[in-house]
Amino acid sequence: YPLCALSPTTTDDWNCTRWDRRNLIEEWKGNHTGGVYIENRTELMDIDMTKAESVLGIFDNSYVTWDDLVNATNDKPRLEDMAVQAVKFLQAKSGSEGYFVMIEAGRIDAAHHNGQATRALSETLAFDKAVEEVLKGSRSGRYPGYFDS
């Protein structure tokens, strides 16, 4: 188990060390020299799809931020941002082989487990928006080749 000191007020301030002292992010960077490591929405939206060979996005020290807590000042990506960028990245890399992407909105379930029905509904709407934007982009030609059949 990691040894973590988490801030009581934010999930951005943290220090987490594994028992074996390995830094998995640094290891990933070393093993993916053409890869891009990102930590916030700005970096996610600025990825150069033609240059990045792989992407590792860690936006929080715990679960993805609840959609109702995402705002312009905390620079956290919404599920919609992550879904659209994932599809764009996979399309840029897949060629004629195609690709598979699974987009999950796991915070819906977490909200229900915590008895937060309003938040669960908010997370459901965020998931619906993510699916809508991926489909809208494919139909408008913003993501050529996606759902062309």
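The present account deals with the structure reproduced in this document. (Residues numbered from 1 in each chain as written. Predicted model: local features only at pLDDT ≥ 70, side-chain atom pairs only at ≥ 80, totals over all residues. Heavy atoms only, no water.)

1. Describing the environment of Phe89
Alright, step 1. Secondary-structure assignment places Phe89 in helix α3 (residues 79-94).
Alright, step 2. Through-space distance from the C-alpha of Phe89 to that of Ser54 is 8.7 Å; in sequence the pair is 35 residues apart.
Alright, step 3. Setting aside residues no more than four positions away along its own chain, Phe89 makes contact with Met49, Ala52, Glu53, Ser54 and Val55. (Helix = DSSP H or I, 4+ residues; strand = E, 2+ residues; numbered from the N terminus. Contact = heavy atoms within 4.5 Å.)

2. So, unusual backbone geometry
Alright, step 1. Here Arg21, not a glycine, exhibits a phi torsion of approximately 65°, which is positive.
Alright, step 2. Tracing the backbone shows Arg21 in the loop between β2 (14-17) and α1 (24-31).
Alright, step 3. Accessibility expressed as a relative area gives 59% for Arg21, which makes it exposed.
Alright, step 4. Despite not being glycine, Asp75 shows a phi value in the positive range, around 55°.
Alright, step 5. In this structure Asp75 comes out as partly exposed when scored by relative accessible area, which is 23%. (Buried < 20%, exposed > 50% of the residue type's maximum accessible area, 1.4 Å probe, protein only.)

3. Concerning the pattern of salt bridges
Pairs can form between side chains of opposite charge whenever their charged atoms are close.
Alright, step 1. Under the definition given, this model contains 9 salt bridges.
Alright, step 2. Residue Asp48 pairs with Lys51 through a salt bridge whose shortest N-O separation is 4.0 Å.
Alright, step 3. Exposure remark for Lys51: the relative accessible area of 64% places this residue in the exposed category.
Alright, step 4. A salt bridge links Arg119 to Asp68, with the shortest nitrogen-to-oxygen separation between them at 3.0 Å. Separated by 51 residues along the polypeptide, Arg119 in helix α5 (residues 117-140) and Asp68 in the loop between β4 (54-57) and α3 bring together distant segments of the chain.
Alright, step 5. Taking the relative accessible area as the measure of exposure, Arg119 reaches 18% and is therefore buried.
Alright, step 6. Connected through shared salt-bridge partners, Lys129, Glu133 and Lys136 make up one network. (Salt bridge = Lys/Arg side-chain N within 4 Å of Asp/Glu carboxyl O.)

4. Remarks on α3
Alright, step 1. Counted at 1.5 Å a residue, the expected span for α3 with its 16 residues is 22 Å, and the 22 Å between its end C-alpha atoms agrees.
Alright, step 2. For α3, every residue scored as buried is listed here: Leu79, Asp81, Ala83, Val84, Gln85, Val87, Phe89, Gln91 and Ser94.
Alright, step 3. Immediately beyond the C-terminal end of α3, within one or two residues, lies Gly95, with a positive phi of roughly 60°. (Expected span 1.5 Å × (residues − 1).)

5. Some points on the nonpolar core
Alright, step 1. Counting residues in each nonpolar core, the largest one holds 8 residues, listed as Leu79, Ala83, Val84, Val87, Ala105, Ile108, Ala130 and Val134.
Alright, step 2. Going through the elements one at a time, α3 and α5 are the ones with two or more residues in this core.
Alright, step 3. Discounting residues that sit within four places of it in the chain, Ala130 has contacts with Leu79, Glu80 and Ala83.
Alright, step 4. Counting residues in each nonpolar core, the second largest holds 7 residues, with Ile38, Met49, Phe59 and Phe89 among its members. (Core = buried A, V, L, I, M, F, W, Y, C linked by side-chain atoms within 4.5 Å.)

Geometric descriptors of this kind do not, in isolation, establish any biological role.
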